[in-house]
Amino acid sequence: MQEDELDCDNVKLVAEVNEDLTKLLKYKVYKRRWFILLVICILNSSNAMLWLSFAPVADQTAKYFELSLDQVNWLSLIFLVVAIPVGFGTTWMLDTLGLRTSLILSSWLNMTGSILRFLSILDNIPVGLRNYPLLMAGQTLCALAQPLVLLSPTKLAAIWFPENQRATANMIASMSNPLGILFANIFSPMIVGSKEKIPQLLGIYTIPAAIVCLLATVGIRNRVPPTPPSNSALASSSEPFLAGVKLLVRNKPYMILLTCFGAGIGIFTSFSTLLQQILCVKGYSNDLAGLCGALFVVFGILGAFLLGLYVDRTKKFIEVTKISFCLAALASIAFAVVSQMRIQGIAVAVVSSLFGMFGFAIYPISMELAVECSYPIGEATSAGLIFISGQIQGIIFIMLFQLLTKKLADDPQYTCALSWKVPTLVMAAFCSAGACLFVIFFHTEYKRLKEEAVATNSQAIEQNNGIDNEAEPELLQA
């Protein structure tokens, strides 16, 4: 009897060991995934810095290039316009050609655009191309890179990282974009004390674009890892692009997320673009506007980091997203009130911090939620359509908010002559409506997590059955 018990214990021990060995042999993670994550982070930050280089110093940019504020705003708005048609091609490219090709292409577009921006201020450039036309051409090339950059985190997390690291990896890569916005809000006002410093700004922002282009071109050598990190990575991009789009359009939870989260992206894009102009009219300096933009991003990254770790452990995507949506809506209402007061810099900074903390925290979690409710459709497709929705709504919001401004006086310098009271209230109304719609109507199951759980259980059962069959003759002999 004791021998039989010992044999049974040995069989169970062998089964457990073999199950662990099977997982190690079938799924594997590679250290190089951290290098690819680093490249995406630097590229994302660089692209965001180029996007909003001029927003914190819109008045000085207008003076240097002799432009109107509307023309300066178009240097940022062009990113949203270009992203709409390019976004569809980007989703196809990421799911079809792979992450490596997309990252190398986007890094070269980003670097070339930054160089053209710098060339726009040189005197030896033909007069017809100098200044604004060449500057806009550079911004356009950088804009072409943005969809490839912003959609890469979800794809990277899906094919290179295991299930227990996906949300964190997505959070780190996604939050590098607002980190670039943070740098733009800090460094642009620091560098551009007067309009004569604009060339120095353009030169400095070219450096990180060149560095990350070199890293991507030389360092990224694999389209996918030799061995997948999880079961869902095997099914990545299993649906053809057009078939996947059709399925997404008929997916009610996904369409609600597309509308509400897309509105959130649009709101935050318009907020980052117009913040300096909103605060300028109440007498706040560019330094304070840059500080508020920086706090907006810093606390957003902090919130995303904490919630990313929490969601990786608990998998409570829906609960976290709904709570964050509601708190972000309340923060937008508070901003609409305090931004119209004078000599309230501390209050404006605090509200901007809260707006960023609750709003930015939604981004990486919602991208993961989009994959969960649309699985097995390609990650780039599900995330890409939300990105395109955000860009479309961003254009609408920026143009709408500009139309709703009230001219206070004729200003020959094109600065600080508009009232933003009505636009900020409308922005708060859109945030509140989106939060209510999402909280009430969004419900879904976690399809990818469910599929992985089923696959893991099936493998364990098959492994145990195989070991039981092998061990049965030995037990009979004993």
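Residues numbered from 1 in each chain as written. Predicted model: local features only at pLDDT ≥ 70, side-chain atom pairs only at ≥ 80, totals over all residues. Heavy atoms only, no water.

As annotated in an unreviewed UniProt entry, the protein carries the name Solute carrier family 49 member A3-like and comes from Huso huso.

S.K.: Any details on the overall build of the protein? Residues and values, ideally.
M.R.: Counting its secondary structure elements, the protein contains 18 helices and two strands. Looking at the protein residue by residue over its 478 residues, the buried ones come to 55%. When contacts within the protein are restricted to residue pairs at least 6 apart in sequence, those whose partners lie at least 24 apart make up 86%. In the structure as shown, the protein presents an accessible area of about 20,200 Å², 66% of it carried by carbon and sulfur atoms. (Helix = DSSP H or I, 4+ residues; strand = E, 2+ residues; numbered from the N terminus. Buried < 20%, exposed > 50% of the residue type's maximum accessible area, 1.4 Å probe, protein only. Contact = heavy atoms within 4.5 Å. Areas by Shrake-Rupley, 256 points an atom, 1.4 Å probe, with all protein chains shown as cover.)

S.K.: Describe the packing of helix α2 (residues 32-51) against helix α5 (residues 99-119), listing the residues and the values that go with them.
M.R.: Direction vectors running N to C along α2 and α5 enclose 30°, while the axes themselves pass 11 Å from each other. Viewed along their axes, α2 and α5 adopt a mutual orientation that is roughly parallel. In the packing of α2 onto α5, the handedness of the crossing is left-handed. For the pair α2 and α5, the contacting residues are Ile36, Ile40, Leu43, Ser46, Asn47 and Leu50 in the first and Leu99, Leu103, Ser106, Ser107, Asn110, Ser114 and Arg117 in the second. Of the residues assigned to the contact of α2 with α5, the class counts are six nonpolar, six polar and one charged. (Axes fitted to C-alpha atoms, helices over the stretch in contact; angles between N-to-C directions. Parallel < 35°, antiparallel > 145°, perpendicular 65-115°, else oblique. Left-handed = near helix turned anticlockwise from the far one by under 90°. Nonpolar A, V, L, I, M, F, W, Y, C, P; charged D, E, K, R; others polar.)

S.K.: Can you explain the confidence of the model for the protein? Please cite residues and give values.
M.R.: When the pLDDT values of the protein are averaged, the result is 81; 85% of them are 70 or greater. In the predicted structure, residues 5-25 sits below a pLDDT of 50 and forms 17 contacts with residues beyond four places in sequence or in another chain. (pLDDT = per-residue confidence, 0-100.)

S.K.: If you had to explain the packing of aromatic side chains to someone new, which residues and values would you point to?
M.R.: Tallied over the full model, the rule gives 16 aromatic pairs. For the ring pair Phe261 and Tyr363, a centre distance of 5.7 Å and an interplane angle of 55° mean the geometry is tilted. With Phe261 in helix α11 (residues 252-280) and Tyr363 in helix α15 (residues 362-374), this residue pair connects regions lying 102 residues apart in the sequence. When the ring of Phe397 is compared with that of Phe430, the centres are 4.9 Å apart and the planes differ by 50°; the resulting orientation is tilted. Residue Phe397 is located in helix α16 (residues 379-404), and its partner Phe430 is located in helix α17 (residues 421-441); the two are separated by 33 residues in the primary sequence. Take Phe430: its relative accessible area is 34%, and that puts it in the partly exposed class. Put simply, the rings of Phe268, Phe271, Phe296, Phe335 and Phe355 pair up and form one aromatic cluster. (Phe/Tyr/Trp six-rings, centres within 6.5 Å; stacked < 30°, edge-to-face > 60°.)

S.K.: Tell me about the side chain of Thr61, and name the residues and values.
M.R.: Residue placement: Thr61 occurs in helix α3 (residues 58-65). A polar contact is formed between the side chain of Thr61 and the backbone oxygen of Val57, at a distance of 2.9 Å. If we ignore the near neighbours within four places in the chain, the residues touching Thr61 are Phe54, Glu66, Val72, Leu75 and Ile198. (Polar contact = N/O pair within 3.5 Å; in protein donor to acceptor, adjacent residues only side chain to side chain.)

S.K.: I'd love a proper account of a nonpolar patch on the surface, names of residues and values included.
M.R.: A cluster of nonpolar residues, Ile323, Leu327, Leu330, Ile333, Val337 and Met341, forms a patch on the protein surface that exposes about 510 Å² of accessible area. The exposure class of Ile333 is partly exposed, given its relative accessible area of 38%. (Patch = residues over 30% accessible without salt bridge, like charges linked within 9 Å, V, L, I, M, F, W, Y side chains within 5 Å. Salt bridge = Lys/Arg side-chain N within 4 Å of Asp/Glu carboxyl O.)

S.K.: Report on helix α6 (residues 132-160), specifying residues and quantitative values.
M.R.: Here α6 contains 29 residues, and its C-alpha end-to-end distance of 41 Å stays within 8% of the 42 Å for a straight helix at 1.5 Å per residue. Along α6, the sharpest kink reaches roughly 40°, centred on Ser152 and followed within four residues by the proline Pro153. (Expected span 1.5 Å × (residues − 1). Bend = angle between axes of the 7 residues up to and from the residue.)

S.K.: Report on the environment of Ser374, specifying residues and quantitative values.
M.R.: For Ser374, the location among the structural elements is in helix α15. Judged by its relative accessible area of 2%, Ser374 falls in the buried class. On a C-alpha basis, the gap between Ser374 and Leu247 in space is 8.4 Å, while along the polypeptide they are 127 residues apart. Among the polar contacts made by the side chain of Ser374, one reaches the main-chain carbonyl oxygen of Ala370 at a distance of 2.6 Å.

S.K.: Just give me the short version of unusual backbone geometry, but keep the residues and values in it.
M.R.: With phi around 65°, Lys315 is a residue other than glycine that occupies positive phi space. Mapping Lys315 onto the fold places it in the loop between α12 (286-314) and α13 (317-338). Phi angles above zero are rare outside glycine, and Ile343 is one such case at about 55°. Overall, the relative accessible area of 78% leaves Ile343 in the exposed class.

S.K.: Help me get a handle on the packing of α12 against helix α14 (residues 345-360), residues and values and all.
M.R.: Closest axis-to-axis distance for the α12/α14 pair is 7 Å, and the angle between their directions is 35°. α14 is crossed by α12, and the crossing has right-handed handedness. Along its contact with α12, which presents Leu288, Cys292, Leu295, Phe296, Val297, Phe299, Gly300, Leu302, Gly303 and Ala304, the element α14 presents Gly345, Val348, Ala349, Ser352, Ser353, Phe355, Gly356, Met357 and Phe360. In terms of residue class, the contact of α12 with α14 is made up of 13 nonpolar, six polar and no charged.

S.K.: An account of the state of the cysteines is requested, with residue identities and associated values reported.
M.R.: Evaluation of the coordinates by the stated rule reveals zero disulfides. Unpaired in this structure, Cys436 has its nearest cysteine sulfur neighbour in Cys326, at a distance of 7.0 Å. On the basis of relative accessibility, which here comes to 47%, the residue Cys436 falls in the partly exposed class. (Disulfide = S-S within 2.5 Å.)

S.K.: Outline α15, listing residues and values.
M.R.: Between its terminal C-alpha atoms α15 stretches 18 Å, which fits the 18 Å expected from 13 residues at 1.5 Å a residue. A large share of α15 lies buried, amounting to 13 of its 13 residues.

S.K.: Break down the environment of Ala209 for me, with residues and values.
M.R.: Along the chain, Ala209 falls in helix α8 (residues 198-219). The sequence separation of Ala209 and Met111 amounts to 98 residues, and the corresponding C-alpha distance is 4.9 Å. What Ala209 contacts, discounting residues up to four positions off in sequence, is Ser46, Asn110, Met111 and Ser114.

S.K.: Break down the environment of Ile78 for me, citing the residues and quoting the values.
M.R.: Its place among the elements puts Ile78 in helix α4 (residues 69-96). Judged by relative accessible area, Ile78 falls into the buried class, the value being 14%. Taking C-alpha positions, Ile78 is 6.5 Å from Thr140, a pair spaced 62 residues apart along the chain. Sequence-distant contacts of Ile78, that is, excluding residues within four places in its chain, are made with Met136, Gln139, Thr140 and Ala143.

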